[in-house]
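Structural features, examined
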Amino acid sequence: MTVLLVHGAGSTIDHNFRKVGWIDLLEAAGHPVIGYHLPGHGDAPPPDMTSGDEVVDDLLGRLEVDGPLDAVGFSAGAQLLAATAAREPARFRRLALLGVGNGVLKPNVVAIRRLADALADEDDPHGVGRLFRRMARSAGNDIDDVRRYLEIPKPPAEPDALAKVDASVLVVLGDKDFNAPADDLVAAFGRARLRMLPGVDHFGLAADVRCLEIVMAFLDGAD
């Protein structure tokens, strides 16, 4: 089964997944891999969208796989996959959402705006903004393009829509992640379960070998 990978804000497919072994392991297990770069990231053009619904349109328009597929998304990528599944509930077979919680149901507009402002503030040497700036640059992204993506209003994934999703869903979250908790998100899906990883924060989740092992087993059918 083909696996779609969607990275987090400020990152890229290579930075989020290839460098820490996801793609090599998936391909070795017989899973063809396709990646989607968020607008303004990697080789994707700068964002010209005014709503999150347009980002969902962009993702769906760039998929060249017929029928259901498996997907793994981290952070902003997971939020986008949830919104896409809510739009097209039969599009995915298995869906692994990493580093997201109940905010998927109601995005925190104020917090996202603060992050976008912090990302652009070169005079602020501390905090999450500094981490995102460093990550975005190390991934080869343009800071202004990343900020513009963050400023696009994200569509909430309504519980009624998520309840109709056909996919088996796995949510993986570190217990030190600022996006916790995820109980409402898990409850919104028809078939979902939550795995919490002790001692893991948001930025370390995708590189944690336990996360990779859990998701690989999930994609291979170990429910």
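Predicted model, so just to flag it, every value in this text is computed and none were measured. (Residues numbered from 1 in each chain as written. Predicted model: local features only at pLDDT ≥ 70, side-chain atom pairs only at ≥ 80, totals over all residues. Heavy atoms only, no water.)

Time to look at the overall build of the protein chain. A count of helices and strands for the protein chain gives 10 helices and 6 strands. Over its C-alpha trace the protein chain gives a radius of gyration of 16 Å, about what one expects of a compact globule, namely 17 Å for 223 residues. Counting all 223 residues of the protein chain, 52% fall into the buried class. Taking the intrachain contacts of the protein chain between residues at least 6 apart in sequence as the baseline, contacts between residues at least 24 apart amount to 72%. For the protein chain, the computed accessible surface area is about 9,900 Å², with 51% contributed by carbon and sulfur atoms. (Helix = DSSP H or I, 4+ residues; strand = E, 2+ residues; numbered from the N terminus. Rg over C-alpha atoms; globule rule 2.2 N^0.38 Å. Buried < 20%, exposed > 50% of the residue type's maximum accessible area, 1.4 Å probe, protein only. Contact = heavy atoms within 4.5 Å. Areas by Shrake-Rupley, 256 points an atom, 1.4 Å probe, with all protein chains shown as cover.)

What follows deals with the pattern of salt bridges. Applying the stated criterion to the full structure yields 9 salt bridges. In this structure, the salt-bridge partner of Arg93 is Asp70, at a minimum N-O distance of 2.7 Å. Here Asp70 lies in strand β3 (residues 69-74) and Arg93 lies in strand β4 (residues 92-98), a separation of 23 residues in the sequence. Residue classification places Asp70 among the buried residues on the basis of a relative accessible area of 0%. (Salt bridge = Lys/Arg side-chain N within 4 Å of Asp/Glu carboxyl O.)

In summary, soluble globular proteins display a tendency toward joint burial of nonpolar side chains. Ranked by internal contacts, the top residues of the largest apolar core, which has 50 residues, are Leu4, Leu81, Phe92, Leu95, Leu97 and Leu162. If you tally residues by element for this core, the top one is helix α4 (residues 76-87), at 8 residues. Membership of the second largest hydrophobic core comes to 24 residues, among which are Val72, Ala96, Val172 and Phe218. (Core = buried A, V, L, I, M, F, W, Y, C linked by side-chain atoms within 4.5 Å.)

A separate point is the layout of surface pockets. The space that makes up the largest pocket amounts to roughly 930 Å³. In terms of lining residues, the largest pocket is bounded by 34 residues, among which Ser75, Phe132, Phe178, Asn179 and His202 are the most central. For the lining of the largest pocket, the secondary-structure elements that each account for two or more residues are α1 (13-18), α4, α5 (109-120) and α6 (127-138). A per-element tally of the lining of the largest pocket places α6 first, with 5 residues. Across the lining of the largest pocket, the residue classes tally to 19 nonpolar, 12 polar and 3 charged. (1 Å grid on protein atoms, 1.4 Å probe; cavity = no way out; pocket = protein on both sides within 12 Å on 5 of 7 lines; lining within 4 Å. Points joined across faces, edges and corners; volume = space filled by probe spheres on them. Nonpolar A, V, L, I, M, F, W, Y, C, P; charged D, E, K, R; others polar.)

To continue, consider the side chain of Thr12. Take Thr12: it is sitting in the loop between β1 (3-6) and α1. Not counting residues within four places of it along the chain, the set of residues in contact with Thr12 comprises His7, Phe17, His37, Gly42, Ala139 and Asn141.

Turn by turn, an α-helix covers 3.6 residues, leaving residues three or four places apart pointing in a common direction. In a regular helix each residue adds 1.5 Å, so 12 residues correspond to 16 Å; α5 covers 17 Å between its end C-alpha atoms and thus fits that length. Burial in α5 covers these residues: Leu115, Ala116, Ala118 and Leu119. Around the axis of α5, the buried residues are gathered within 165 degrees of arc, so they sit on the same side. Relative to its buried face, α5 has exposed residues pointing more than 90 degrees away, namely Val109 and Arg114. Contacts made by the buried residues of α5 are with α6 and α7 (143-150). (Expected span 1.5 Å × (residues − 1). Arc of directions from axis to C-beta.)

With that settled, consider the environment of Val56. Among the secondary structure elements, Val56 is positioned in helix α3 (residues 52-62). Residue classification places Val56 among the buried positions, given a relative accessible area of 2%. A sequence separation of 24 residues divides Val56 from Leu80, and the C-alpha atoms of the two residues are 6.9 Å apart.

At a closest axis distance of 10 Å, the pairing of α3 and α4 adopts a crossing angle of 80 degrees. One way to sum up the angle between α3 and α4 is to call them roughly perpendicular. In this structure, α3 contributes Asp53, Val55, Val56, Asp57, Leu59 and Leu60 to the contact, and α4 contributes Leu80, Leu81, Ala83, Thr84 and Arg87. (Axes fitted to C-alpha atoms, helices over the stretch in contact; angles between N-to-C directions. Parallel < 35°, antiparallel > 145°, perpendicular 65-115°, else oblique.)

Here we come to the environment of Gly73. Locating Gly73 in the fold gives a position in strand β3. Given a relative accessible area of 0%, Gly73 falls into the buried group. In this structure, the C-alpha to C-alpha distance between Gly73 and Pro155, residues 82 residues apart in sequence, is 16 Å. Ignoring anything within four residues of it in the chain, the contact list for Gly73 reads Val6, Ala78, Leu81, Ala96, Leu97 and Leu98.

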